[in-house]
Amino acid sequence: MSRTARLPRRVLVPVAAVLAAALTLSGCAAGQISQTANQVAAIDGANGTSGNIGVRNALLAVPTGATQKTGYAKGADAPLELWVSNAGLDTYKLSGVTSSAAASVQITGSAAVPPQSLTDFTGTSVTLTMKNLTSAVTYGQSVPVTFTFDPGTANPTGAGPVTVTVNVPVAIPAERTGGRPTIVIQPTEGGNVWDSESPESSGSGG
């Protein structure tokens, strides 16, 4: 047989091997449920910076109660969660928070932000709550929030007030809530194709 006649056979061998491997992998994946099938990817919060002050990962806390599956209802109170960074040399204090999406924003606790620090504002030392939402806020939506920071009495650099405005989304639960229908996209595979009493399974077949 000539050299040119043998070339197609050499090419077909690796191609057939690749196809067999692909079929084996797809067969192994059939009917399997992903570990993350019931999980929802986390959504990063809002970030904004003005001067030395930065608002980081600002979110409306995961809703609870009757509207948890959709978000916040009109008139509800929504806790704010965020971190605040201070890259300067002055201590700042969160003196006010405003939003067109709420009647008011309540600040409870010590809202100081020391210099050269990253301060947790997620309910540890300070609690921020948007009171009486003016309209419903659902998952995927965000609301404008303005944070005002004032330097403390120890102000060596003579810095002035700083405002940071960001659009804050609703936090997504780590796992989806219950009450949602389960959709079967592929029927469950059967067991062994050989019957337990068949000659092939007992080894007595010809």
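Residues numbered from 1 in each chain as written. Predicted model: local features only at pLDDT ≥ 70, side-chain atom pairs only at ≥ 80, totals over all residues. Heavy atoms only, no water.

Looking at an unreviewed UniProt entry, one finds the protein named Copper(I)-binding protein and attributed to Nakamurella panacisegetis.

S.K.: How should I be thinking about the overall build of the protein in this particular structure?
M.R.: Across its full length, the protein carries 2 helices and 12 strands. The order of α-helices and β-strands along the protein, N terminus first, is α-β-β-β-β-β-β-β-β-β-β-β-β-α. Counting only residues that meet the buried cut, the protein has 27% of its 206 residues in that class. Counting only contacts in the protein whose residues sit at least 6 apart along the sequence, the fraction spanning at least 24 positions is 68%. (Helix = DSSP H or I, 4+ residues; strand = E, 2+ residues; numbered from the N terminus. Buried < 20%, exposed > 50% of the residue type's maximum accessible area, 1.4 Å probe, protein only. Contact = heavy atoms within 4.5 Å.)

S.K.: Where do I start with the pattern of salt bridges in this structure?
M.R.: As a working rule, side chains carrying opposite charge can pair if their charged atoms are close by. Considering all chains together, one arrives at 1 salt bridge under this definition. One salt bridge connects Lys131 with Asp77, and the closest N-O pair in it is separated by 3.0 Å. Taken together, the positions of Lys131 in strand E9 (residues 126-133) and Asp77 in the loop between strand E3 (71-72) and strand E4 (78-86) put the pair 54 residues apart, joining distant regions of the chain. (Salt bridge = Lys/Arg side-chain N within 4 Å of Asp/Glu carboxyl O.)

S.K.: Just to check I follow, could you spell out the side chain of Thr119 for this structure?
M.R.: Structurally, Thr119 can be placed in strand E8 (residues 117-120). In this view, Thr119 contacts Leu82, Trp83, Val84, Ala112, Val113 and Pro114; residues no more than four positions away in its chain are not counted.

S.K.: Could you clarify how one ought to interpret the environment of Ala159 in this entry?
M.R.: For Ala159, the position within the fold is in the loop between strand E11 (142-151) and strand E12 (162-169). Taking relative accessible area as the criterion, Ala159 reaches 22% and is therefore assigned partly exposed. With 69 residues separating them along the chain, Ala159 and Asp90 place their C-alpha atoms 7.6 Å apart.

S.K.: Help me understand the sheet that holds E12 in this model?
M.R.: Backbone-to-backbone hydrogen bonds join strands into a sheet, with any given pair of strands oriented parallel or antiparallel. Here we have 4 strands laid out as an open sheet, ordered E7-E5-E11-E12, and antiparallel in their pairing. In this open sheet, the two edge strands, each paired with only one partner strand, are strand E7 (112-113) and E12. (Pairing = 2+ DSSP bridges.)

S.K.: Explain unusual backbone geometry here, please?
M.R.: What you tend to see is this: most non-glycine residues have negative phi, and most peptide bonds are trans. For Asn57, which is not glycine, the phi torsion reads 50° and is therefore positive. Its location among the elements puts Asn57 in strand E2 (residues 53-60). A relative accessible area of 35% means that Asn57 is categorised as partly exposed. Even without being glycine, Gln116 reaches a positive phi, approximately 55°.

S.K.: Help me understand the confidence of the model for the protein, please; the structure alone is not making it clear to me.
M.R.: Low pLDDT means the predicted atomic positions in that stretch should not be read closely. Counting all residues, the mean pLDDT for the protein is 76, and 60% of those residues have values of 70 or more. When pLDDT is averaged over each helix and strand of the protein, the minimum, 46, is found for helix H1 (residues 3-29) and the maximum, 97, for E2. Overall, residues 1-13 carries pLDDT values under 50, and its contacts beyond four positions in sequence, including any with other chains, amount to 1 contact. Contacts from residues 21-43, a stretch scored under 50 in pLDDT, to residues over four places away or in other chains number 14 contacts. (pLDDT = per-residue confidence, 0-100.)

S.K.: Please explain the pairing of strand E5 (residues 92-98) as it appears in this structure.
M.R.: It is a general feature of regular strands that their side chains alternate between the two faces of the sheet. Sheet topology note: the E5/E7 ladder contains 2 bridges and is antiparallel. Its bridge partner lying in E7, Tyr92 is registered against Val113. As paired strands, E5 and E11 are joined by 6 bridges and run antiparallel to one another. Counterpart to Gly96 in the pairing with E11 is Thr148.

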